There are 2 protein chains.
Amino acid sequence: MSFDRLLDDFDSRRPAALARVTSIVENHREGFEAILAGLHPRTGRARRIGLTGPPGAGKSTISALLVKKFRDAGLTVGVIAVDPTSPFTGGALLGDRVRMENVALDPGVFIRSMATRGSLGGLAAATREVADVLDAFGFDRLLIETVGVGQSELDVSRLADSTILVLVPESGDSIQTLKAGVMEVADIFVVNKADRPGADRLRNDVELMLGLRKGVSFGNVPAHHGVDLKRNPARAAREAAAVDNPTIWTPPVLAAIATKEEGIDRIAAALDKHFAYLEESGTLRARRRERMRERVIDVVERKVRDRLWKDSGTMAWLEDQLPSVEEGRSTPFAVADQLLLRSAELVRGELKA
Amino acid sequence: MSFDRLLDDFDSRRPAALARVTSIVENHREGFEAILAGLHPRTGRARRIGLTGPPGAGKSTISALLVKKFRDAGLTVGVIAVDPTSPFTGGALLGDRVRMENVALDPGVFIRSMATRGSLGGLAAATREVADVLDAFGFDRLLIETVGVGQSELDVSRLADSTILVLVPESGDSIQTLKAGVMEVADIFVVNKADRPGADRLRNDVELMLGLRKGVSFGNVPAHHGVDLKRNPARAAREAAAVDNPTIWTPPVLAAIATKEEGIDRIAAALDKHFAYLEESGTLRARRRERMRERVIDVVERKVRDRLWKDSGTMAWLEDQLPSVEEGRSTPFAVADQLLLRSAELVRGELKA
């Protein structure tokens, strides 16, 4: 099948074409860049929702229920599940898949599980690209589920318009182990398994950390909570301003019992409210521009890598240098400089032609 | 303090200089490349041992006991602990640190915990570089502890001469969830918590997978084990040849109860045996050359990134292009090509000068 035919079928919203295009893009098969360039003008319509939290927090159950909720409202949904933190279990997503099966037969839903593809370095880029494919296909909502958050390369908040952080009261001190970065990136907090002991305390702790409790100044947050809010002047300023300014978002801390389907309405309502805030405040535009910037940077780095390491002449040259590096007569840094110059000449010759 | 003075102190094996140099290298502070280039000729003496396994397998306890064992034999030890798969717990290594405290007061031991530094992409490179610092300082053994293994960017087998995989009989089916890649990279298997139910079965399963059991041909390995040995012709050939060829390594599957300090002698003996095999078979040379190759590739990629993204002119130019990308008049791919050409001209101008 020619690419033109494939893209025609994609435009006609044929599921087989969607699956094929997604595979080509996810696995970077030949022609994937031309496809993405062709789809690019059609992206930007879908709302991208990131769902993150520790393993076992119930992310996939909440995903499945949100999908159902969106479908009931007549919206189509694309789901991308990413789990790179299970180097020992190739089947980590199996449970999710089973749980998703109910919705998977619905043609208004498309589910893609992404594995770590050799290098974690490329996973965030590939996830962004698959999201673009689903966006261009016309899905109204994209759910991106991952365990990475805050300062991680896979930080879901960099892929999504709205980020939901799912927590569970498994251990009383779980909140103390949260990195400061996690609190910064979540737009909506969900305390799942809210019928378990410790759930109220967890919600209180999160709200305390967010500085929402009346009469609690940032200086009063106990040091043992592990996050020093005084070190977050930006957030402190934002929270202080929030009282008077409706364009400042104050992350809600919602209770849910996903296994009993409780709390999903609240999450869906918070998502709508957050998206309205994103649009009104101009934050949506800023977040999407940041995403576009990272997108270009990803592409450039990949092109550089491809030019350097897929060129047999360059690799042969590198091979010739290794003995002198091993013997201490040269260093990796000297060889790298020579290789860079070599590659610059190649790029120049190629792109100027 | 000048760099010359710092390196003099490093050469005199002053602990303060070691800590300072390690920090400069780990955090890529100014001058780190000059330091690494200076230390490069002094590397290659230490034996690098990778220790990996799922969370809770007892890696850090085994680490601490191996350190003790090495110290009793009069050897100095550097320990590098890497834990990138805990995006939610900044304090994941706290327990290890406490456990290590007994050995940490010993001047013949140096311990470094490495966090995810912004991007996972750089963690393997930074770990390799810190290992080079400890190697150049003169440590006899390096223990590199990580949860990443097999096909992961942090694959410890790519950083080490010998790789130990620690497993535990926590669940009867754990072996079935292991990726094929894990079996390929481990040189020594340790079944820890060997007094727990299921330990013997786990050892049997691992040995079965490795094709060590007499009378079991590869074709007879039950498919449900999740690893199709028929798809590993290289290993199959190796195992078949092992009977007659003493230069072929057959990974031992050792039992241990780390909390009772049982089995550590066996692990230490297996490490010595494996290193002798590495030297005799020429595998050590091949592994270290592969490491050097990846080292150069890391340096080149970092230099490219620095040149591209730390140049304010390039970033300003990129910023100017973003609106046309957002509006669909251009694509990330077209902008990337222009940016590459721009950068090639810069590199050429700089390195040719």
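Given the structure is predicted, the values throughout are model-derived calculations rather than measurements.

1. Brief notes about the sheet that holds strand 1 (residues 47-52) of chain A
All names here are of chain A. Taken in spatial order, the seven strands of this open sheet run 3-2-4-1-5-6-7, and their pairing is parallel. Since the sheet does not close on itself, it has two edges, and those belong to strand 3 (109-114) and strand 7 (253-255), each with one partner. This sheet shows a mean twist of 20 degrees between the axes of neighbouring strands, independent of strand direction. Summarising the sheet, strand 2 (residues 77-82) and strand 4 (residues 141-146) pair through six bridges and their orientation is parallel. Within the sheet, the bridge partner assigned to Val82 lies in strand 4 and is Thr146. Packing of helix 4 (residues 59-72) onto the sheet brings it into contact with strand 1, strand 2, strand 3, strand 4, strand 5 (162-167) and strand 6 (188-191), and relative to strand 4 it is tilted by some 175 degrees.

2. Quick look at the sheet that holds strand 1 (residues 47-52) of chain B
Residues and elements named next belong to chain B. An order of 3-2-4-1-5-6-7 is seen for the seven strands of this open sheet, with the pairing classed as parallel. The outermost strands of the open sheet, each flanked by one partner alone, are strand 3 (109-114) and strand 7 (253-255). Within this sheet the neighbouring strands show an average axis-to-axis angle of 20 degrees, counted without direction. Both strand 6 (residues 188-191) and strand 7 contribute to a ladder of three bridges, which runs parallel. Directly across from Val190, in strand 7, lies its bridge partner Leu254.

3. What about unusual backbone geometry?
Residue and element names in this part refer to chain A. With a phi angle near 55 degrees, Arg13 is a residue other than glycine that sits in the positive phi range. Of note, Arg13 is situated in the loop between helix 1 (3-11) and helix 2 (15-26). The class of Arg13 is exposed, set by 12 C-beta atoms lying within 10 Å. For Lys193, which is not glycine, the phi dihedral falls at a positive 55 degrees. Note on placement: Lys193 falls in the loop between strand 6 and helix 9 (199-210).

Thresholds applied
- Residues numbered from 1 in each chain as written.
- Chains lettered and ligands numbered in written order.
- Predicted model: local features only at pLDDT ≥ 70, side-chain atom pairs only at ≥ 80, totals over all residues.
- Pairing = 2+ DSSP bridges.
- Helix = DSSP H or I, 4+ residues; strand = E, 2+ residues; numbered from the N terminus.
- Axes fitted to C-alpha atoms, helices over the stretch in contact; angles between N-to-C directions.
- Contact = placed C-beta atoms within 7 Å.
- Buried ≥ 20, exposed ≤ 12 C-beta atoms within 10 Å, placed from the backbone.

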